[in-house]
Amino acid sequence: MEDRLQMDNGLIAQKIVSVHLKDSALKELSKASDEQVQASPPGPEASPEAQPAQGVMEHAGQGDCKAADEGPSPRRTGCAPGSEPAADGDPGLSSTELCQLHLSICHECLELENSTIESVRCASAENIPDLPCDHSGVEGAAGELCPERKGKRVNISGKAPNILLYVGSGSEEALGRLQQVRSVLTDCVNTDSYTLYHLLEDSALRDPWPDNCLLLVIASRDPIPKDIHHKFMAYLSQGGKVLGLSSPFTFGGFQVTRRDVLRNTVQNLVFSKADGSEVRLNVLSSGYVYEEGPSLGRLQGHLENEDKDKMIVHVPFGTLGGEAVLCQVHLELPPGASLVQTEDDFNVLKSSNVRRHEVLKEILTALGLSCDAPQVPALMPLYLLLATEETRDPFMQWLRRHTDPEGIIKSSKLSLQFVSSYTSEAEITPSSMPVVTDPEAFSSEHFSLETYRQNLQTMRLGKVILFAEVTSTTMSLLDGLMFEMPQEMGLIAIAVRQTQGKGRGPNAWLSPVGCALSTLLVSIPLRSQLGQRIPFVQHLMSLAVVEAVRSIPGYEDINLRVKWPNDIYYSDLMKIGGVLVNSTLMGETFYILIGCGFNVTNSNPTICINDLIEEHNKQHGAGLKPLRADCLIARAVTVLEKLLHRFQGQGPDGVLPLYYKYWVHGGQQVRLGSTEGPQASIVGLDDSGFLQVHQEDGGVVTVHPDGNSFDMLRNLIVPKRQ
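Please read these numbers as outputs of a predicted model, since none were measured by experiment.

What counts and how
- Residues numbered from 1 in each chain as written.
- Predicted model: local features only at pLDDT ≥ 70, side-chain atom pairs only at ≥ 80, totals over all residues.
- Heavy atoms only, no water.
- Axes fitted to C-alpha atoms, helices over the stretch in contact; angles between N-to-C directions.
- Helix = DSSP H or I, 4+ residues; strand = E, 2+ residues; numbered from the N terminus.
- Parallel < 35°, antiparallel > 145°, perpendicular 65-115°, else oblique.
- Left-handed = near helix turned anticlockwise from the far one by under 90°.
- Contact = heavy atoms within 4.5 Å.
- Nonpolar A, V, L, I, M, F, W, Y, C, P; charged D, E, K, R; others polar.
- Salt bridge = Lys/Arg side-chain N within 4 Å of Asp/Glu carboxyl O.
- Buried < 20%, exposed > 50% of the residue type's maximum accessible area, 1.4 Å probe, protein only.
- Phe/Tyr/Trp six-rings, centres within 6.5 Å; stacked < 30°, edge-to-face > 60°.
- pLDDT = per-residue confidence, 0-100.
- Core = buried A, V, L, I, M, F, W, Y, C linked by side-chain atoms within 4.5 Å.
- 1 Å grid on protein atoms, 1.4 Å probe; cavity = no way out; pocket = protein on both sides within 12 Å on 5 of 7 lines; lining within 4 Å.
- Points joined across faces, edges and corners; volume = space filled by probe spheres on them.
- Pairing = 2+ DSSP bridges.

1. As for the packing of helix H11 (residues 536-550) against helix H13 (residues 629-650)
Packed helix pairs are specified by the crossing angle of their axes together with the interaxial distance, meaning the distance between the axes.
And step 1. Relative to each other, H11 and H13 sit at 130 degrees, their axes nearing to 8 Å. Relative to H13, the element H11 lies oblique. For the element pair H11 and H13, the recorded crossing hand is right-handed. Contacts from Phe-536, Leu-540, Met-541, Leu-543, Ala-544, Val-545, Glu-547, Ala-548 and Val-549 in H11 reach Leu-632, Arg-635, Ala-636, Val-639, Leu-640, Leu-643, Leu-644 and Phe-647 in H13.
And step 2. Of the residues in the contact of H11 with H13, the class split is 15 nonpolar, no polar and 2 charged.

2. Quick word on the pattern of salt bridges
And step 1. All told, the structure shown has 19 salt bridges when counted by the stated rule.
And step 2. Salt-bridge contacts for Asp-260 lead to Arg-258; the nearest nitrogen and oxygen are separated by 2.5 Å. We note that Asp-260, like Arg-258, is exposed.
And step 3. Between Glu-588 and Arg-527 there is a salt bridge, and its shortest N-O distance comes to 3.0 Å. Separated by 61 residues along the polypeptide, Glu-588 in the loop between strand E21 (574-586) and strand E22 (589-599) and Arg-527 in the loop between strand E18 (515-525) and H11 bring together distant segments of the chain.
And step 4. Three or more residues joined by partner-sharing salt bridges are found here, namely Glu-173, Arg-177, Arg-221 and Glu-332.

3. What to know about the packing of aromatic side chains
And step 1. All told, the structure shown has 18 aromatic pairs when counted by the stated rule.
And step 2. Plain terms: the ring middles of Trp-209 and Phe-232 are 6.0 Å apart, the flat faces sit at 75 degrees to each other, and that makes the pair edge-to-face. Here Trp-209 is found in the loop between helix H5 (201-206) and strand E3 (213-218), whereas its partner Phe-232 is found in helix H6 (residues 226-237), with 23 residues between them in sequence.
And step 3. For Trp-209, a relative accessible area of 1% gives the class buried.
And step 4. Here Phe-442 and Phe-447 contribute two aromatic rings whose centre-to-centre distance is 6.4 Å and whose plane-to-plane angle is 75 degrees, an arrangement assigned as edge-to-face. The same class applies to Phe-442 and to Phe-447, which are both buried.
And step 5. Among the aromatic side chains, those forming a connected cluster through ring pairs are Tyr-166, Trp-209, Phe-232, Tyr-235, Phe-249, Phe-251 and Phe-317.

4. What to know about the confidence of the model for the protein
And step 1. Mean pLDDT over the protein works out to 78, with 73% of the residues at or above the 70 mark.
And step 2. Taken together, the stretch residues 1-15 has pLDDT below 50 and engages in 43 contacts with residues farther than four places along the chain or on a different chain.
And step 3. In the predicted structure, residues 706-716 sits below a pLDDT of 50 and forms 28 contacts with residues beyond four places in sequence or in another chain.

5. Comments concerning the side chain of Lys-310
And step 1. By the element assignment, Lys-310 lies in strand E10 (residues 310-317).
And step 2. Its relative accessible area of 15% is what places Lys-310 among the buried residues.
And step 3. Not counting the four nearest positions on each side in its chain, Lys-310 is found in contact with Val-289, Tyr-290, Glu-292, Leu-296, Gln-300, Gly-301 and His-302.

6. Section: the nonpolar core
And step 1. Tyr-452, Met-541, Leu-560, Phe-598, Ile-609 and Leu-640 are the most contacted members of the largest nonpolar core, which totals 88 residues.
And step 2. Among the elements that make up this core, the one with the highest residue count is H13 (12 residues).
And step 3. The residues contacting Leu-560, other than those within four sequence positions of it, are Val-546, Val-549, Arg-550, Ile-568, Tyr-569, Ile-576, Ile-609, Leu-612 and Tyr-662.
And step 4. Ranked by size, the runner-up nonpolar core spans 40 residues in total, among them Leu-262, Val-283, Ile-363 and Cys-371.

7. Describing empty space enclosed by the protein
And step 1. Across all of its chains, the model carries 6 cavities of 30 Å³ or more by this definition.
And step 2. Approximately 110 Å³ is the volume found for the largest cavity.
And step 3. Along the wall of the largest cavity there are 14 residues; nearest its centre are Leu-284, His-330, Leu-333, Leu-349 and Arg-356.
And step 4. Taken together, the elements giving at least two residues each to the lining of the largest cavity come down to strand E7 (278-284) and helix H8 (353-366).
And step 5. The dominant element in the lining of the largest cavity, judged by the number of residues it contributes, is E7, at 4 residues.

8. Here's the deal with the pairing of E10
And step 1. Burial runs high along E10: 6 of the 8 residues are buried.
And step 2. Of the pairings in the sheet, the one linking strand E9 (residues 300-303) to E10 comprises 3 bridges and is antiparallel in character. Along E10, the bridge assignment pairs Gly-301 with Ile-312.
And step 3. Adjacent in sequence and paired antiparallel, E9 and E10 are bridged by 6 residues, among which Lys-308 carries a positive phi angle near 50 degrees.
And step 4. By the bridge criterion, 6 bridges tie E10 to strand E11 (residues 322-327) in an arrangement that is antiparallel. Bridged to Val-313 within E11 is Leu-326.

9. Looking at the sheet that holds strand E17 (residues 491-498)
Think of a sheet as strands paired side by side through backbone hydrogen bonds, with each pair either parallel or antiparallel.
And step 1. Strand order in the open sheet formed by 11 strands is E13-E14-E15-E12-E16-E17-E18-E22-E21-E20-E19, with mixed pairing between adjacent strands. Of all the strands in the sheet, the pair left with one neighbour each is strand E13 (408-410) and strand E19 (560-563). Pairs of neighbouring strands in the sheet enclose a mean axial angle of 25 degrees, with direction left out of account.
And step 2. Direction of pairing for E13 relative to strand E14 (residues 415-419): antiparallel, over a ladder of 3 bridges. Bridge assignment links Ile-409 to a residue of E14, and that residue is Leu-416.
And step 3. The strands touched by H11 are E19, strand E20 (567-570), E21 and E22; relative to E19, the strand with the most contacts, the crossing angle is about 175 degrees.

Structure (structure tokens):
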């Protein structure tokens, strides 16, 4: 509303304030008006305070509603959906109609207008839903529906349409549920296209919310009051879309039946998509099921039990395209919700979390929303950051010697231009990037240089940082510097997001906010313990990430593990991160870029380290604090340097005991070559870092990864080819 409130003196409205006109003002207004405007007493669906406020809004902003005295004859404004229009011949307005108030007519109105404008000017900005005037049934001089067309709802505000979230009462439990629903919808829909608002109980009755509502989400666990249910059904009858999440809201002949044996238990759900295909997943049941009504839409879901209890129904309504998808499984709850009691339940629900999002996106798409991925963010400049101030002068001297007159260092992949400040005119592409050298210009809510410095305790590694909020991939950022920079300066590239992250082979690495992303430069002498066993580098990096968390006092039992050859896992269940190593031999030195990404704060759609911490706290009554990506990157680099030093001094025996402590493969049974190949059990790593397995005939075979053929779920590995 506020951005449509335009005032002659240029003031910008931030909040609409309700005011109340005195009877004397209304009488004077009625006498002075060229056309009589009689206001009937407010009905049960509009409070006395609401009507004057709407009038003030319409006068000041000239909104989307036409003035009552505009045109050759008086016009009636429409009723809010679900309300009854005034009786034929009734000269008054209905309880939800809007009066155009000519505030300049009388002295009291002038004072009221001035005080209203002052209130608007002084009001603080709040997240007030965009609830435009109700236009249903507004007729123009020619009798055309305006601005609606033949009963269909249209977006009259020009803003992104609303998704309204109704959770019932304002209790603490309901507000917690509101945040859970808001969170999962934010993960599923493109939030650049929609705005999510809380629909309060009084607003559901009073405000004309259906005008700009694309989806109504009902997540109240309490019975819906009759008057609000009437409003929701009126919205459906006008072509509205409804998603019910573990709510008793029903219609169309469907009934909700309580099944205590199912309450808050993990069940197997079969969900039928619009194209007829099925998705099977583990879900948390609400304890209620639907008794089938007269008709069903394209989507449905039932439990894999003897009764095939209906848990998801798709119900069309009316002739204008109204429809609802009603669910009695907790699609809105994350696996770590308080209703999930055991660690085993958490594990199976987290394993199904990707499919939970798939089902939700299918439902939202069927209800007319777009679940396409948001637009790829624009690349942002790099910032040169130094872990210690003593490094600054030597590095800047080195930089002046190695850049051209324009401050550029070029390589085959990338051109870096070192500048003191960044202007938006500077071009940023995957092959050409500015690097801002002034530390005062750096600021990021996702990366704290001070936190990084406090947790980095290395002699060399990770001292010189190239940081970006958004970059294509950190693996390419060090290309022009890695062969020239002195080893003691320890390069590392860190990003908040990557648009073209790389995985092993042809795989992409998804890089959302909350994933710790870095590429570290390490140089290894060819004629050294590790130089003769380069495959161990990826194992050491995976181990360093796990140890970076589990070596923190109190965090020893956070179940992070290493999976051969280059993955970081939660238990043996889910991947939480990975490592990619590129090595180049020049003369007697390996120059190795170690790319690493692991989930720290990004819970969905898979799992992150802070999920594990939260679940540990719940199961053990602990109070461990969540961790930050900047902290863990620094700790992982610190641990890696120690592991490298230990390996160079003692060889594989210096690190394998710690590696085996955390790895997921102890005693695992696998098959060699194919699903029909000979069975073997994993023994450990050989002297080169490849996997050794013990065959049934007593022999030991060395194997290695071949693309993605080593799949822990399928237990397939490929023998090393001699």
